[in-house]
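# Overview (structure and organization)
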Amino acid sequence: MTARIIGLGQRAAGDDAAGLAVLEALRRQGPPGDAELVEARDASALVSLLQTPATVVVVDAVLASPPGEVLDLSPSDLAAGAPVPVSTHGLGVGQAIELARLAAPDRLSPDIRIVGVSIGRPCRQELDLSPEVAAAVPRAVARVLSFLGG
């Protein structure tokens, strides 16, 4: 495996499922190369999932405007307070990355990227993505693929 793509979110929380929608789109078209596609409901799962020699791309909803924007983020962006990943999860993505770094610095992926899909407002209890976020899914897929050289 040369890459691990992690879609983060919860299906019953409306736009919070943006990361999962991107993962589903990647599954439909076939994952790039030998990339592993992983769903995670909670950012705490990232602590172990980031422990790999492979490139890791995390796809998650972020609170930013305008809704439907696709953002390239790095761990340092999150540490600096860039658009905030939605955390219905308790532990945020930036915190999970830092915890993974502290727990096993020698096993942390050397290349961690975050694709943020702006949801513009806090999560709502719905099963479907808003039209703006649904329209952003193909652009987020393209961004993931660009990180992986595809």
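Residues numbered from 1 in each chain as written. Predicted model: local features only at pLDDT ≥ 70, side-chain atom pairs only at ≥ 80, totals over all residues. Heavy atoms only, no water.

## Section: the pattern of salt bridges
- Taken as a whole and assessed by the stated rule, the structure comprises seven salt bridges.
- Residues Glu39 and Arg27 are paired through a salt bridge, measuring 3.2 Å at the closest nitrogen-oxygen approach. With Glu39 in strand E2 (residues 36–40) and Arg27 in helix H1 (residues 18–29), this residue pair connects regions lying twelve residues apart in the sequence.
- Owing to a relative accessible area of 38%, Glu39 belongs among the partly exposed residues under this scheme.
- Judged by relative accessible area, Arg27 falls into the partly exposed class, the value being 40%.
- One salt bridge in this structure joins Arg113 and Asp111, with 3.0 Å as the shortest N-O distance.
- Taking relative accessible area as the criterion, Arg113 reaches 29% and is therefore assigned partly exposed. (Salt bridge = Lys/Arg side-chain N within 4 Å of Asp/Glu carboxyl O. Helix = DSSP H or I, 4+ residues; strand = E, 2+ residues; numbered from the N terminus. Buried < 20%, exposed > 50% of the residue type's maximum accessible area, 1.4 Å probe, protein only.)

## Examining the environment of Ala43
- Topologically, Ala43 is positioned in the loop between E2 and helix H2 (46–49).
- For Ala43, a relative accessible area of 0% corresponds to the buried category.

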